[in-house]
Amino acid sequence: MKLRLVVLWLIVGGLYAAHWVASAPALPTTQMIDFMRRFGYLERGMPQAEALYSGEAIVNAIKHVQKFGALPQTGVLDQRTIELMSAPRCGVVDVMQHDQSSRHRRYVIGSEGWRKRRITYFIANWSAKVGEESVAKFMAKAFGEWSKYSKLRFVRVYDPSADIIVGFGSGAHGDNYPFDGPGNILAHAYYPYEMNAYGGDVHFDEDENWKENSTHLGEGVDFYSVAIHELGHSLGLAHSPVYSSLMFPYYKGIAQGTLDYDDILAMYQLYIQNPHITDDPDWMYTTESVISVDEFSTVTPAPRLPDLEAEDPEIPTQTEPTPTSTTTEVYDMPITFVGDYETVDDHIRRHHSSTPPEVTPQLPDFGPVPDICSGSFDAIGLLRGEMFIFKGAYLWRLTEKYRIKDGYPVRIWQVFRGFPKTVSHIDAVYEREDNGIVLFSGRFYWVFDALNFLQPEVRPLTDYGLPEDLKRLDAALVWPKNNKTYLFAGDRFWRYNDTAGEMDEGYPSSMDRWFGIPNNIDAATSVASGKTYFFKGNYYWLFNNERVRPERGYPRRTGNIWLGCR
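First, a word on what this report is: a plain description of the structure on this page. This one's a predicted model, so the numbers in the text were calculated from it and none came from an experiment.

Structural notes on unusual backbone geometry
- A cis amide bond links tyrosine 408 to the next residue, proline 409, at an omega of 15°.
- Summarising the element assignment, proline 409 is placed in the loop between β11 (394-397) and β12 (410-411).
- Positive phi, close to 55°, is recorded for lysine 151, a residue that is not glycine.
- Looking at the element boundaries, lysine 151 is found in the loop between α5 (132-148) and β3 (153-156).
- At arginine 384, a position not held by glycine, the phi torsion is positive, near 55°.
- Within the secondary structure, arginine 384 is located in the loop between β9 (379-383) and β10 (386-391).

Have a look at this one:
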């Protein structure tokens, strides 16, 4: 390392020495060179090739770093510049080496804009630090601000084929641009149509300390401030060196909330003057229902439900209606439920309604939606802190009180992006220690990180060390007693070590070890409180993890108690 820095100093010397001051500021370290490469200030060369850069290139790169950090452009690595390189910021590059057209403008167009005015978005997941309702509220607010100056209409849909996918991930989250843990990179986004399916998508680093209405550095990261910035990239804007712009690359700790003059000019160029957008710009006169910030602000927040530790699903505290259909309640004023309020299937049918019959995509016909109240689940799992039930080609998402959320059921592939539409059911599901979600069907399995495949192809059960003649699993769960993964099939079960990636010795073992639990179970899961449940038919068992036996009074009826069916 020392030799490399000496070589770099000798080559950079000439021009860089002219900017050197008596206090002898720091030399650019390997990490600083990597920073300047990553954010476009230096051309990307071979790794560890600092010596290939000329002194002039280093000085100009430092000046550009200072420009995009709103610092004096001295070309000298002073303390403020060094601190800037580790400050919280967006993960999108600052300087696009190929772009020479934006030098006379303060705002920077990063790519072409969307070629339409109706843009759909799908919130794939959210951080528990902010919550689903707040993420949805602040995303709608951010979309609303950009909409004011672009004549774009943003519609939230519950369909992963939406134009913009919003989600949270940690570390390597599937897109080849891993996050770096708390601090520094807070989020990143893709320009419209960039990297094919990723175009427009926004990813937030789950490891950050996300907060609502955080106005000062050090007390957490204000989600809305980051969200409205990232949406600028989703609409085609690059970073701006103007400190007051929403597109300034560094986190300012201030919930600015509105577009700056430069941001408005960029929207005008991309979407008002653009002759290639042919659909109706007067979208405000359409009847399509779009969630607005005002709608959120007038809704009384639901009270926070008790923690699962304090309340079992078999002791409901209030009567909730059983979801029996997807029909819409009749109001005094007629409302067209489109956009946010439609079901996913309705959205797909409407989306393809103008497609000629001969080219309309044909989805497999798996028959009617199964009756969830009759039990006999295919699989059940606690995924990203929420309970999901799988039956047939559909899944149901539950509230904290184990009641079915509005808008469900939906097809499995509508939640798990890219999942094969021809797969008719899921046999078992669980979430790994690394947050990967594993879906089993027949002799195969898939791994997801809630945004994309972690593994690019379907894999066989034998990867787990399971026998080749095993046709399917009955259930899977991570047991809180030892945090090991248990796989069930017929009258046998296996214990798998996900950390080591291998089956523990001595397995399979007989289901007799799970005293009081029948063979050929349908599903099993542990819940957020650490309790363990087994399901078969329309009955379930609450399992005592310490005594290794079911609690007294079980089994009980699943549909009535878990789901509130009548």
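Some thoughts on helix α3 (residues 55-68)
- Along its 14 residues, α3 runs 20 Å from first to last C-alpha, staying within 8% of the 20 Å computed at 1.5 Å per residue.
- Taken residue by residue, α3 has Gly55, Ile58, Val59, Ala61, Ile62, Val65, Gln66 and Phe68 as its buried positions.
- Positive backbone phi, approximately 60°, marks alanine 70, located one or two places after α3.

A word on the state of the cysteines
- What the rule picks out here adds up to 1 disulfide.
- A disulfide bridge connects cysteine 373 with cysteine 565, and the sulfur atoms are separated by 2.1 Å. A torsion of -75° about the S-S bond marks the disulfide between cysteine 373 and cysteine 565 as left-handed. With cysteine 373 in the loop between α9 (344-351) and β9 and cysteine 565 in the segment after α11 (558-561), this pair connects stretches of sequence that are 192 residues apart. Each member of the pair, cysteine 373 as well as cysteine 565, is classed as buried.

A closer look at α5
- Along its 17 residues, α5 runs 25 Å from first to last C-alpha, staying within 8% of the 24 Å computed at 1.5 Å per residue.
- Burial in α5 covers these residues: Ser134, Val135, Ala136, Phe138, Met139, Ala140, Ala142, Phe143, Glu145, Trp146 and Ser147.

Focus: the sheet that holds strand β13 (residues 428-431)
- Spatially, 4 strands are ordered β13-β14-β15-β16 in an open sheet, and the strand pairing comes out antiparallel. Where the open sheet ends on each side, the last strands, each with one partner, are β13 and β16 (459-460).
- With 4 bridges connecting them, β13 and strand β14 (residues 437-441) associate as antiparallel partners. Looking across to β14, one finds that tyrosine 430 is bridged to valine 438.

Structural notes on empty space enclosed by the protein
- Under the counting rule described, the total for this entry stands at 3 cavities of 30 Å³ or more.
- By volume, the largest cavity is sized at about 210 Å³.
- Surrounding the largest cavity, 20 residues form its lining, Ser225, Val226, His229, Tyr250 and Tyr251 being those nearest its centre.
- When residues in the lining of the largest cavity are grouped by element, the largest group, 5 residues, is from helix α6 (residues 223-234).

Digging into the sheet that holds strand β5 (residues 185-189)
- Here we have 6 strands laid out as an open sheet, ordered β1-β5-β6-β4-β2-β3, and mixed in their pairing. This sheet does not close on itself; its edge strands, each paired only once, are β1 (89-90) and β3.
- Where strand β4 (residues 164-169) lies against strand β6 (residues 202-205), 4 bridges are found, and the strand directions are parallel. The partner of valine 166 across the bridge, within β6, is valine 202.
- Docked against the sheet, α6 engages β1, β4, β5 and β6, running at close to 30° with respect to β5.

So, the pattern of salt bridges
- Per the counting criterion, the structure on display carries 17 salt bridges.
- For aspartate 94, the salt bridge identified is with arginine 89, shortest N-O distance 2.6 Å. Grouping residues by exposure puts aspartate 94 and arginine 89 together as buried.
- Where glutamate 386 meets lysine 405, a salt bridge forms, and the shortest distance between an N and an O atom there is 2.9 Å. Within this pair, whereas glutamate 386 is found in strand β10, its partner lysine 405 is found in the loop between β11 and β12, the two being separated by 19 residues in sequence.
- On the basis of relative accessibility, which here comes to 14%, the residue glutamate 386 falls in the buried class.

Regarding the environment of glycine 501
- With respect to the secondary-structure elements, glycine 501 resides in the loop between β19 (492-497) and β20 (502-503).
- Residue class for glycine 501 comes out partly exposed when judged on its relative accessible area of 42%.

Details of the side chain of threonine 532
- Note on placement: threonine 532 falls in strand β23 (residues 532-536).
- Residue classification places threonine 532 among the buried positions, given a relative accessible area of 0%.
- A polar side-chain atom of threonine 532 sits 3.2 Å from a polar atom in the side chain of serine 526.
- A polar side-chain atom of threonine 532 sits 2.9 Å from a polar atom in the side chain of asparagine 545.

Describing the nonpolar core
- Within the largest apolar cluster, 73 residues are counted, with the highest numbers of intra-cluster contacts made by Phe390, Phe440 and Trp562.
- Grouped together as the second largest cluster of nonpolar side chains are 44 residues, Trp126, Ala142, Ala187 and Tyr271 included.

Remarks on the packing of α5 against α6
- For the pair α5 and α6, interaxial distance at closest approach is 9 Å and the crossing angle is 45°. Considering their axes alone, α5 and α6 lie oblique with respect to each other. α5 and α6 meet at a crossing whose hand is right-handed. Of the residues in α6, those in contact with Val135, Phe138, Met139, Lys141, Ala142, Phe143, Glu145 and Trp146 of α5 are Phe223, Tyr224, Ala227, Ile228, Leu231 and Gly232.
- Within the contact of α5 with α6, the residues separate by chemical class into 11 nonpolar, 1 polar and 2 charged.

Brief notes about the pairing of β13
- Residues Ala428 and Tyr430 line one face of β13 and the alternating positions Val429 and Glu431 line the opposite face, and both faces are buried.
- Connecting β13 to the next strand, β14, in antiparallel fashion are 5 residues, including asparagine 435 with a positive phi near 75°.

Quick look at the pairing of strand β22 (residues 523-526)
- Burial of the side chains of β22 extends over both faces: Ala523 and Thr525 are buried on one face and Ala524 and Ser526 on the other.
- Here 4 bridges tie β22 to β23, and the two strands are oriented antiparallel to one another. Across the sheet, alanine 523 pairs through a bridge with phenylalanine 535, a residue of β23.
- Between β22 and β23, which pair antiparallel one after the other, the connecting turn spans 5 residues, and glycine 530 there sits at a positive phi close to 95°.

Conventions used here
Residues numbered from 1 in each chain as written. Predicted model: local features only at pLDDT ≥ 70, side-chain atom pairs only at ≥ 80, totals over all residues. Heavy atoms only, no water. Helix = DSSP H or I, 4+ residues; strand = E, 2+ residues; numbered from the N terminus. Expected span 1.5 Å × (residues − 1). Buried < 20%, exposed > 50% of the residue type's maximum accessible area, 1.4 Å probe, protein only. Disulfide = S-S within 2.5 Å. Pairing = 2+ DSSP bridges. 1 Å grid on protein atoms, 1.4 Å probe; cavity = no way out; pocket = protein on both sides within 12 Å on 5 of 7 lines; lining within 4 Å. Points joined across faces, edges and corners; volume = space filled by probe spheres on them. Contact = heavy atoms within 4.5 Å. Axes fitted to C-alpha atoms, helices over the stretch in contact; angles between N-to-C directions. Salt bridge = Lys/Arg side-chain N within 4 Å of Asp/Glu carboxyl O. Polar contact = N/O pair within 3.5 Å; in protein donor to acceptor, adjacent residues only side chain to side chain. Core = buried A, V, L, I, M, F, W, Y, C linked by side-chain atoms within 4.5 Å. Parallel < 35°, antiparallel > 145°, perpendicular 65-115°, else oblique. Left-handed = near helix turned anticlockwise from the far one by under 90°. Nonpolar A, V, L, I, M, F, W, Y, C, P; charged D, E, K, R; others polar.

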